[in-house]
Structures are given as structure tokens and as C-alpha cells.
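Coordinate inspection notes
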Amino acid sequence: MGESSGSVSIDVERISLGGKEHFIKTRHGRVSVAVFGDQEKPALVTYPDVALNHVSCFQGLFFCPEAASLLLHNFCIYHISPPGHELGAAPISSDVPIPSVNDLADQIADVLDIFRLGPVMCLGVTAGAYILTLFAIKYKERVAGLILVSPLCKAPSWMEWLYNKVISNLLYFYGMCGLVKDCLLQRYFSKEVRGSAQVPESDIVQACRSLLDERQSENVWRFLQSINGRYDITEELHRLQCRTLIFVGEDSPYYSDAVHMTSKLDRRYSALVEVQACGSVVTEEQPHAMLIPMEYFFIGYGLYRPSQFTGSPRSPLSPWCISPDLLSPESMGVKLKPIKTRVSMDI
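Right, let's walk through the structure included here. As the structure is a computational prediction, the values presented were derived from the model and not from experiment. (Residues numbered from 1 in each chain as written. Predicted model: local features only at pLDDT ≥ 70, side-chain atom pairs only at ≥ 80, totals over all residues. Heavy atoms only, no water.)

**Describing the side chain of Arg 222**
Heads up, the rule is: Where helices and strands are cited, they refer to DSSP runs of H or I of at least four residues and of E of at least two residues respectively, numbered from the N terminus. Here the term buried applies to any residue with accessible area under 20% of the maximum for its type, exposed to any over 50%, and partly exposed to those in between, with areas from a 1.4 Å probe on protein chains only. Counting rule for charge: Lys and Arg are taken as positive, Asp and Glu as negative, and neither His nor the chain ends is counted. When a carboxyl oxygen of Asp or Glu lies within 4 Å of a side-chain nitrogen of Lys or Arg, that pair is called a salt bridge. Here a residue-residue contact requires only that any non-hydrogen atoms of the pair lie within 4.5 Å.
For Arg 222, the location among the structural elements is in helix H9 (residues 217-228). Here Arg 222 occupies a buried position and makes no salt bridge, while the nearest side chain of opposite charge, Asp 95, is found at 8.8 Å. Those residues in contact with Arg 222 that sit more than four places away from it in its chain are Ile 92, Ser 93, Val 96, Pro 97, Ile 98 and Pro 99.

As C-alpha cells, this is what we get:
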């Protein structure tokens, strides 16, 4: 772990849910990082969507046995929470400036400095996917690969901006009320799992609704303000120097954004996996749909599931050339419901 340097340092450490939670003082405020696994292994950095943290956004993926064995065998996981989104967070003072999306990306660089991390693999969901993509654009030599779930890359449309403003006003005046939770759940999940008057909510939606009660409304409001102020990074995507794997639920309100982003990436080094009957947060709603694409994606980095790889990978990630066969539609699971894949990997 790195020493404190200038305005960047570790304030507090505590044990949390089997991992170790670090509170990092960055150039742009304090941020929580929950670390799971052997820190000698390559790093996987995660960043969740608005009002979520690593428990409510990535628990489904890491509780999926096959995916967990793939990820925890190969990586040390660094779950970065948006400011004030960690478990048990206190309200952030109104005197603290609201960070811009650039500030949030710079916080990630500060975290990497503290832990003395080389190039990292990144996994982000919607707003978190935007922040990690922006980080990869600004610090391209520090990112080995991107796994983006229902990502954003454009500025908010007029309708999204207005919708977010309504949610922001409700948060500001009424806190995490039932209407706000309903709006957020529509953002995260498909209609099938959200239920209806005749069909009850699924367990994952009920669990997420309960976890939203634990969020500080002031802190969610602040992160929503940051994301609502994001700018279009489409023209910067060509600067990415890493391979990119994109997942999107076909029922996600950001489906068109993910397709648009994929169209702007180098087709030789990017793949789009469309997950049927799923909303934005694929990591929770259908985490099993991510396994096969991730497994073949990681093969390009020399990383394997334990049944195929008996050693413990400890060297920094060094991307190898991915054979077209490894990311063909058949290999990625196009014939396996509920995955439908669009991919072009001509090396």
C-alpha cells in the first residue's frame, strides 16, 4: 500500500463484510474503497450506479459461484463507492463542493496511487461506467480493460435531464421517499422483476428497495447532480487504448446509449452483449449472463477460471492478442438464452 502523499492519504480502515474498507482522502474529497482478495493479484476496480454501492450493485455477480470463482481467483477487487454511498455513510456537509465528473475520475487515480496499482481492469454500471470510461480516457495508461454495464457516454438528453431534476427535487425536499425509490428501481430493473398489481416484486428488487432506505438522500442528490452535469465523451472514445466489453439489458432505458457507444469504439477491440429480458443492472438481475463473455474476454489477458488455471496470477495485466475465435458470437453465447451478442473482433 502506498504512503500518504500531499493531499492524498488513508484516513481510516475497518473490516467490512469480509473485506477491508479504506477511507481515502483524495484531492476532491473522501471516498470509500472496500478491498477483497489478495492484493498481490491484478486489480479489478468497480464503480456502481447512482444510489448504489458494491453491496447493492455487485453482490449478485459475486454471489454467482462461477463468476465469483473467475473474478476472485484472478483479481483483487477494489470496490469504489461514490462519495457518501458506502454502508453507514453520514450526510456530506453542504459546505463540501459537489464534485464534477472529472473530479470523480481523478479520485480513482488517487486511489490507484495510494494502493500503488499498475494498469487495472475496470467494471462499472451506468453512471459508474461513465466515470470509469472518463477515467480510462484521461489516464489511458492506467487501464488494462473496461467491462461496462449499460454505459453512458453522451450528455443527458433533455428528457433525462428533466427526469433527473424531478428526482433531485424529490430527494432534496422529501428524502428517499417511496416515489424516488420507484423511479430508481425503474432505472435499474426490467418490468418483469419489478412486478405489478398482480405480480409481486422479485427478491432482488425487494432487497434493493430495502438497501435504498440506508442511503443518505443528501449524498444521492449530490451524485445525481454530478452525473446530470456530465458531458459528451463520444469523440474521445477513440483515445481508449484498452479492450472493452459492454453488457446492456434490452429493457434498459440506456439501451440506445450502449449501442451508440459500441458504434464509436474500435470494432476490433470491443464487443456488445445484449441480455434479453433484463434492465440496466445486469450484475444483479442476470449476473449469470455475464459469465461466458467475461471468461473469453479474460482469456485475452491470460486469465482463466480455477478449473482451467491452477496457478495464482500475480503479474500485472499485459493484454495479449485475442484470437477472433475466442470472441466469436458462438463462443460468446449467442445461442444460449438469454444472451444475444453483437461482436466484431478482427485482429
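Now that the structure has been shown, we can carry on.
**So, the pattern of salt bridges**
Under the definition given, this model contains 10 salt bridges. In this structure, Arg 209 and Asp 182 form a salt bridge, with 2.9 Å as the shortest nitrogen-oxygen distance. Of the two residues, Arg 209 is situated in helix H8 (residues 203-212) and Asp 182 in helix H6 (residues 178-188); the sequence distance between them amounts to 27 residues. Taking relative accessible area as the criterion, Arg 209 reaches 21% and is therefore assigned partly exposed. Since its relative accessible area comes to 33%, Asp 182 is described here as partly exposed. The partner of Glu 201 in a salt bridge is Arg 209, with the nearest N and O atoms 2.5 Å apart. Several salt bridges converge on common partners, so that one network encompasses Asp 182, Glu 201 and Arg 209.

**Some details on unusual backbone geometry**
Residues other than glycine seldom take positive phi values, yet Arg 116 does so here, at roughly 55°. Of note, Arg 116 is situated in the loop between helix H3 (101-114) and strand S6 (120-125). Located in the positive-phi region is Thr 126, a residue other than glycine, with phi close to 50°. Checked against the element boundaries, Thr 126 lands in the loop between S6 and helix H4 (127-138).

**With respect to the packing of aromatic side chains**
What counts is decided by this rule: Pairing of aromatic side chains requires ring centres within 6.5 Å, counting the rings of Phe and Tyr and the six-membered ring of Trp. Pairs whose planes differ by under 30 degrees are stacked, by over 60 edge-to-face, and all others tilted.
If you walk through the whole model with that rule in mind, you get 10 aromatic pairs. A ring pair is formed by Tyr 78 and Phe 115, whose centres lie 5.2 Å apart and whose planes are at 65°; its orientation type is edge-to-face. Here Tyr 78, found in strand S5 (residues 76-80), pairs with Phe 115, found in the loop between H3 and S6; they are 37 residues apart in sequence, far enough to count as distant. The exposure classification of Tyr 78 matches that of Phe 115, with both residues buried. Taken together, the ring pairs connect Phe 75, Phe 297, Phe 298 and Tyr 301 into an aromatic cluster.

**Observations concerning helix H12 (residues 291-299)**
With respect to burial, H12 is a largely interior element, seven of its nine residues being buried. What H12 keeps buried is the set Leu 291, Pro 293, Met 294, Glu 295, Phe 297, Phe 298 and Ile 299.

**Points about the nonpolar core**
Side chains of nonpolar character tend, in soluble globular proteins, to be buried together. Rule in force here: Throughout, nonpolar core names a set of buried Ala, Val, Leu, Ile, Met, Phe, Trp, Tyr and Cys residues whose side chains join them through atoms within 4.5 Å.
Ranked by internal contacts, the top residues of the largest apolar core, which has 104 residues, are Tyr 78, Phe 115, Leu 146, Tyr 188, Phe 247, Met 294 and Phe 298. Once you skip the residues sitting within four places of it in the chain, Tyr 78 turns out to touch Val 33, Ala 34, Val 35, Gln 39, Ala 43, Leu 44, Val 45, Thr 46, Phe 115 and Leu 117.

**A look at the state of the cysteines**
Inclusion rule: Criterion for a disulfide: a pair of cysteine sulfur atoms at a distance within 2.5 Å.
In this structure the tally under the stated criterion is zero disulfides. Cysteine Cys 208 shares no disulfide, and the gap to the nearest cysteine sulfur, in Cys 57, comes to 8.7 Å.

**What to know about the packing of H6 against H8**
Helix-helix packing is characterised by the crossing angle of the two axes and by the distance between the axes. Definition in use: For helices, the axis comes from a line fit to the C-alpha atoms of the stretch in contact; other axes are also lines fit to C-alpha atoms, and the angle between any two N-to-C directions lies between 0 and 180 degrees. The cut-offs work like this: below 35 degrees is roughly parallel, past 145 is roughly antiparallel, 65 to 115 is roughly perpendicular, and the gaps in between are oblique. The crossing is said to be left-handed when, going from far helix to near helix, the turn is anticlockwise and less than a right angle, and right-handed when the turn is clockwise. Amino acids outside the nonpolar list (Ala, Val, Leu, Ile, Met, Phe, Trp, Tyr, Cys, Pro) and the charged list (Asp, Glu, Lys, Arg) are all regarded as polar, and Gly is one of them.
Two elements in contact, H6 and H8, have axes separated by 10 Å at closest approach and are oriented at 130°. In terms of axis orientation, H6 runs oblique to H8. By crossing handedness, the relation of H6 to H8 is classed as right-handed. Between H6, through Gly 178, Lys 181, Asp 182, Leu 184, Leu 185 and Tyr 188, and H8, the contact on the second element is made entirely by Val 205, Cys 208, Arg 209 and Leu 212. Tallied by class, the residues present in the contact of H6 with H8 amount to six nonpolar, one polar and three charged.

**Describing the packing of helix H1 (residues 54-63) against helix H2 (residues 65-74)**
Two elements in contact, H1 and H2, have axes separated by 5 Å at closest approach and are oriented at 95°. Relative to H2, the element H1 lies roughly perpendicular. Residues Leu 61, Phe 62 and Phe 63 of H1 pack against Pro 65, Ala 67, Ala 68, Leu 71 and Leu 72 of H2. The residue inventory of the contact of H1 with H2, partitioned by class, reads eight nonpolar, no polar and no charged.

Interpretation note: all reported values are geometric properties and have no functional meaning in isolation.
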